[in-house]
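Each chain is listed here by its residues.
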Amino acid sequence: MKSNIQDKTKLVNSVFSKVYKRYDLMNDILSLGLHRIWKERFIQWMSPQQNTKLIDVASGTGDIAKLFSQKTNNNSEIVCIEPNMEMLEEGKVKLKNFNNVRWINASAEKLPFDSDMFDYYSISYGIRNVNDINRTLREAFRVLKTGGRFMCLEFSKVDNEILDLFYQKYSKTIPYIGKFIVGSEKPYKYLVKSIESFISQKELVKLMRENGFSNIEFRNLSNGISAIHSGWKI
Ligand SMILES: C[S@@+](CC[C@H](N)C(=O)[O-])C[C@H]1O[C@@H](n2cnc3c(N)ncnc32)[C@H](O)[C@@H]1O
């Protein structure tokens, strides 16, 4: 069990070490720009208030931190948690003008913070990469203040048969696009596999409930290609 976890950590870390330079470009290409709209929708639903604190976990190159900061007129404190140093450094450079953003090299399963610290917790396209979803959710619940909100954006299960057929065919081409642009298919084989094997919208609701969250809701984006989950610490 322990070696499975170590294997996944190594695999995920090597995937992001291969793609970090072209991560943003590949997101635009592979989603045909849709990831930008989905992230906008995520922040719109969060509708953060000024003078609040966000912990953005699996921050990657910092898209969510940037949108949150802009939405709060930069009157907010944001901590980005990212275990892959190359992704973290890309994010730092991209957000160098945001003085309210701090970067910490850590993992979702073990957050280096006391309990009850944050108003919002976000994880965007990160939860399917973690080793232990239950530990991740427990940590999210712990670091949120009472009244704080957990929000997750992730690839999910498509609820339309025709779109699903098309999506499955399209997924098969993703490693070839990866080979062409990044020079390696392996990270994109992992991407496709990790999406296929990730749990459904309802299963994630169940895990959120089991780990303490209340008033849980989800919204599908583009028929469930992605989904946003929201829950509260009450
Ligand atoms: C697909 S990227 C998402 C980046 C960004 N949040 C976005 O929406 O574009 C996933 C990120 O999760 C990070 N990650 C992988 N395992 C993690 C873990 N156990 N805890 C926190 N982040 C992790 C990876 O290093 C990578 O930067």
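Scroll up to find the structure.
I will try to describe carefully the structure that is included in this document. (Residues numbered from 1 in each chain as written. Predicted model: local features only at pLDDT ≥ 70, side-chain atom pairs only at ≥ 80, totals over all residues. Heavy atoms only, no water.)

Below, the discussion takes up the nonpolar core. Core analysis: the biggest nonpolar cluster contains 43 residues, and Phe42, Met46 and Phe155 have the highest contact counts within it. Setting aside its immediate chain neighbours within four residues, Phe42 contacts Ile64, Ser122, Met151, Cys152, Leu153 and Ile228. In terms of nonpolar packing, the next biggest core, distinct from the first, is built from 28 residues, Ile127, Leu137, Met208 and Phe213 among them. (Core = buried A, V, L, I, M, F, W, Y, C linked by side-chain atoms within 4.5 Å. Buried < 20%, exposed > 50% of the residue type's maximum accessible area, 1.4 Å probe, protein only. Contact = heavy atoms within 4.5 Å.)

What the rule picks out here adds up to seven aromatic pairs. A centroid spacing of 5.2 Å and a plane angle of 25 degrees characterise the contact between Tyr121 and Phe150, whose relative ring orientation is stacked. Here the residue Tyr121 occupies a position in strand E4 (residues 118-124), and Phe150 occupies one in strand E5 (residues 144-155), the gap between them amounting to 29 residues. By relative accessible area, which is 0% here, Tyr121 ends up buried. Looking at Phe150, the relative accessible area reads 0%, which means it is buried. Here Phe150 and Phe213 contribute two aromatic rings whose centre-to-centre distance is 5.0 Å and whose plane-to-plane angle is 40 degrees, an arrangement assigned as tilted. Here Phe150 is found in strand E5, whereas its partner Phe213 is found in the loop between helix H9 (201-210) and strand E6 (214-221), with 63 residues between them in sequence. In terms of burial, Phe150 and Phe213 fall into one category: buried. A network of ring pairs unites the aromatic residues Tyr121, Phe141, Phe150 and Phe213 as a single cluster. (Phe/Tyr/Trp six-rings, centres within 6.5 Å; stacked < 30°, edge-to-face > 60°. Helix = DSSP H or I, 4+ residues; strand = E, 2+ residues; numbered from the N terminus.)

Distances and angles like these do not, on their own, reveal function.
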